Amino acid sequence: EYNPPEGVCLAEYEPKLHVRCASESLGTFMVVLTFGLNLTMATPAKPLSSAAVLACLMYSLGNVGGAHLNPVVTLSVVLSGRDKCSAADGAAYIV
């Protein structure tokens with residue numbers, strides 16, 4: 001289910017946990033793939049391609065799962081106590 005139910009404002013819609021976990025997994029895969037290919041190919045465009053993939057992923061996945069893309073970032077957000085990510089969601093993102 002990717003569309004909000006009838007009568008629910010889009011600003012109030014929150015994707016289900018499995019959709020958020022899938023978006024975090026996809027984002028983490030893309031970051032690791034980009035960094036790994038940069039190291040393997042020894043390209044001089046490492047900073048540019050790394051910044052581009054992070055910017056694209058944060059823009060496209062930010063509203064779905066928060067675009068943490070890193071277990072340390074997820075742990076920091078959970079421990080900050082700002083209610084941006086619950087402990088259960090953070091554990092699901094990390095595992």
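If you're wondering where the values come from, they're calculated on a predicted model, not measured in any experiment.

J.: Just checking my understanding: could you explain the layout of surface pockets for this structure?
T.: In this approach a probe as big as a water molecule rolls over the atoms, and the regions it shows empty are the leftover space. Reported here for the largest pocket is a volume of approximately 480 Å³. Contributing to the lining of the largest pocket are 18 residues, with Glu 14, Pro 15, Gly 62, Asn 63 and Val 64 lying nearest its centre. Of all the secondary structure elements, the ones that give two or more residues to the lining of the largest pocket are α2 (46–65) and α4 (87–94). No other element matches the 4 residues that α2 contributes to the lining of the largest pocket. A class-by-class count of the residues in the lining of the largest pocket yields 7 nonpolar, 6 polar and 5 charged.

J.: Could you clarify how one ought to interpret the nonpolar core in this entry?
T.: Listed in full, the 5 residues of the largest apolar core are Val 31, Val 53, Leu 57, Leu 61 and Leu 69. Residue contributions to this core peak at 3 residues, all from α2. Here Leu 69 is in contact with Glu 24, Gly 27, Thr 28, Val 31, Leu 54 and Leu 57, once residues within four sequence places are set aside.

J.: What's the story with α2 in this structure? I'm lost.
T.: Every α-helix carries 3.6 residues per turn, so stepping three or four residues along brings you back to the same face. Taking the largest bend as the criterion, α2 deviates by roughly 40 degrees, centred on Tyr 59. Looking at α2, one finds that the buried residues are Ser 50, Val 53, Leu 57, Leu 61 and Gly 65. Remark: Gly 66 follows α2 within two positions and exhibits a positive phi of approximately 100 degrees.

J.: Please clarify how the environment of Asn 38 should be interpreted in this entry.
T.: Turning to its location among the elements, Asn 38 is positioned in helix α1 (residues 17–41). Sequence separation between Asn 38 and Ser 49 is 11 residues; the distance between their C-alpha atoms is 8.1 Å. The residues touching Asn 38, leaving out its near neighbours within four places in the chain, are Thr 43, Lys 46, Ser 49 and Ser 50. There is a polar contact of 2.8 Å between the side chain of Asn 38 and the side chain of Ser 49.

Calculation criteria
Residues numbered from 1 in each chain as written. Predicted model: local features only at pLDDT ≥ 70, side-chain atom pairs only at ≥ 80, totals over all residues. Heavy atoms only, no water. 1 Å grid on protein atoms, 1.4 Å probe; cavity = no way out; pocket = protein on both sides within 12 Å on 5 of 7 lines; lining within 4 Å. Points joined across faces, edges and corners; volume = space filled by probe spheres on them. Helix = DSSP H or I, 4+ residues; strand = E, 2+ residues; numbered from the N terminus. Nonpolar A, V, L, I, M, F, W, Y, C, P; charged D, E, K, R; others polar. Core = buried A, V, L, I, M, F, W, Y, C linked by side-chain atoms within 4.5 Å. Buried < 20%, exposed > 50% of the residue type's maximum accessible area, 1.4 Å probe, protein only. Contact = heavy atoms within 4.5 Å. Bend = angle between axes of the 7 residues up to and from the residue. Polar contact = N/O pair within 3.5 Å; in protein donor to acceptor, adjacent residues only side chain to side chain.

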